[in-house]
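One-letter residues, chain by chain:
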Amino acid sequence: HKGIRKIACIGAGYVGGPTMSVIAQKNPHIQVTVVDLNAGRIDAWNDENFDNLPVYEPGLDAVIAEARGRNLFFSTHVEKAIMEADMIFISVNTPTKTYGKGKGQAADLKFIELCARQIAEVATSPKIIVEKSTIPVRTAATIKSILDHTGKGVPFQVLSNPEFLAEGTAIQDLYKPDRILIGGEDPDAIAALRSIYEAWVPSDRIIATNLWSSELSKLVANAFLAQRVSSINSISELCEVTGANVDEVAQAIGRDSRIGPKFLKASVGFGGSCFQKDLLNLVYIARSYNLNQVADYWEQVIKINDHQKIRFAEKIIQTMYNTVNGKKIAFMGWAFKKDTNDTRESAAIYVADHLLEERAKIEVFDPKVQENQIYNDLNALATRSKEENQKLLKAVSSPYQACEGAHAIALLTEWDEFIEYDWQRIKNNMRKPAFVFDGRKILDRKKLEDLGFIYYAIGE
Ligand code: NAD
Ligand code: UDX
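- In the annotation of an unreviewed UniProt entry, the entry for the chain reads UDP-glucose 6-dehydrogenase, and the organism field reads Sphingobacterium humi.
- The UniProt entry for the chain carries this comment under Sequence similarities (unreviewed entry): "Belongs to the UDP-glucose/GDP-mannose dehydrogenase family."

Next comes the structure, spelled out in structure tokens:
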């Protein structure tokens, strides 16, 4: 393994936690330490009760059970982990800037720079630094410059190794990646990182490129994926006015092997911490090189997504006789997709905000999202006071309770269990007419209509 005995990962989030757990599981002879400044998060990673892990991912608990305490450690001792490691992954957050130049678009690289400075300050032996976070193209040059100017003269190699896992399927994606991408200049450093992945990934799936191609490919992959969702979502609106059915259209075009069947599910809009952030970042980079046509092209993907979320909320209001004032609307789901507790940029947040402006009362049920998270998401928009949000919206622990006395149900996340609910019982306890607005197209129209629901689904 080219001498890699100890790995440190800075950032124990949705990427650092699962990724390092699998690397540790598959490389039992390498000691892997995941560090974070957030002590609460580290405590949660060390919790004996797997229900308390900070990230919910199917299969993650089994990986942790096998590796934690053997060669996988979660700690707040950032400096110690850096000092001891041969290879350091940087997996910190790179959010959209909320201030100054590039506000609302550019990536905030404050946390990346802090990591580089801290590594330089502490390191007394050669290190390979791996960019795992998603960053703007050419960030490796920034990291290298900081390391070389502020370090103690020890050699550093910088590699780019973007992560392509999707939440909700992280463990499967890590076990069987379509590809592992490594960007870098130094053949030995690349070989060292490659050998870690070769513990379980076939070598023909490991691609090496130059640094800038690797960094840029991550932004481009997310831009293309998001573009597919916006493309089908734009068609969903056309389907609604023409009598076409968007699922049928998706199936018909997806059979063309050049188009392919995946990522064509019309929805209430994409969410998650990556798509919007990375698109905005791409747009910002293009504009910073004066490539305005390129920037406008990709910006349109975000505009369609915003339109889709508002369009769904408007459809609810319009269908419910143009007013939702004082009406109870049950939200099924708050997470940005199924099988995760992550709510970042979830469409549900924006749909709720829009309906609350119209003075609806909302009760939310999500199998994995806690009430305080829902309030944090809404309060962060600062559309109204915390007190008002608390008055107008409630989270409950049973779907049947959420639907009790409701005028309408808005389905925002495609959790499998929603399909299996006792829809007769739900209907019986609702106000009539009982509306269902399916933002994920997972329910059976015929079944619901036979029960007497008025059913609306995106793109039909
Ligand atoms: P996250 O917010 O869940 O985790 C980041 C963690 O880094 C936080 O716990 C934070 O406390 C910690 N941190 C920040 N600065 C630190 C420092 N100086 N020292 C120690 N800890 C520090 O973020 P995430 O979702 O794991 O994403 C991390 C990166 O990976 C981002 O660049 C993101 O774009 C990228 N990415 C995310 C996904 C995803 O599905 N979430 C997928 C691919 C790539
Ligand atoms: C995405 C990328 O897929 C992943 O490769 C990258 O590493 C991180 O960003 P993630 O955001 O976790 O992953 O989930 P993803 O499955 O891509 O879904 C993103 C959003 O698009 C979700 O809100 C999802 O519901 C929505 N979506 C996805 C659709 O609406 N329709 C689709 O067909 C696919």
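Now that the structure has been shown, we can carry on.
1. Here's the deal with the pairing of strand 14 (residues 454-457)
Logical step 1: Only one face of strand 14 is covered, namely the face carrying Tyr 455 and Ala 457; the face carrying Ile 454 and Tyr 456 is uncovered.
Logical step 2: Pairing between strand 13 (residues 435-438) and strand 14: four bridges, direction parallel. Within strand 14, the position partnered with Phe 435 by the bridge is Ile 454.
Logical step 3: Chirality of the crossover, the property in question, places the unit of strand 13, helix 19 (residues 445-451) and strand 14 among those that are right-handed.

2. Thoughts on the domain arrangement of the chain
Logical step 1: What the domain assignment reports for the chain is domain 1 (6-209) and domain 2 (304-457).
Logical step 2: The straight-line distance from the C-alpha centre of domain 1 to that of domain 2 is 36 Å.
Logical step 3: Residues belonging to the side of domain 1 that touches domain 2 are distributed by class as follows: three nonpolar, one polar and one charged.

3. Thoughts on the UniProt feature "active site" (unreviewed entry) in the chain
Logical step 1: The residues that UniProt annotates with the feature "active site" (unreviewed entry) are Cys 274.
Logical step 2: When sequence neighbours within four positions are dropped, the list of residues in contact with Cys 274 reads Thr 134 and Asn 222.

4. A look at the site of ligand 2
Logical step 1: The local shell around ligand 2 holds 19 residues, among which Lys 265, Ser 267, Phe 270, Gly 272 and Cys 274 are the closest.
Logical step 2: Residue contributions to the shell around ligand 2 peak at three residues, all from helix 9 (residues 211-242).
Logical step 3: In terms of residue class, the shell around ligand 2 is made up of 11 nonpolar, four polar and four charged.

Rules used in this analysis
Residues numbered from 1 in each chain as written. Chains lettered and ligands numbered in written order. Predicted model: local features only at pLDDT ≥ 70, side-chain atom pairs only at ≥ 80, totals over all residues. UniProt positions renumbered as here; feature names shortened; annotations may be inferred. Buried ≥ 20, exposed ≤ 12 C-beta atoms within 10 Å, placed from the backbone. Helix = DSSP H or I, 4+ residues; strand = E, 2+ residues; numbered from the N terminus. Pairing = 2+ DSSP bridges. Right-handed = clockwise from strand over helix to strand, strands pointing away. Domains from an automatic or database assignment. Nonpolar A, V, L, I, M, F, W, Y, C, P; charged D, E, K, R; others polar. Contact = placed C-beta atoms within 7 Å. Near = placed C-beta within 6 Å.

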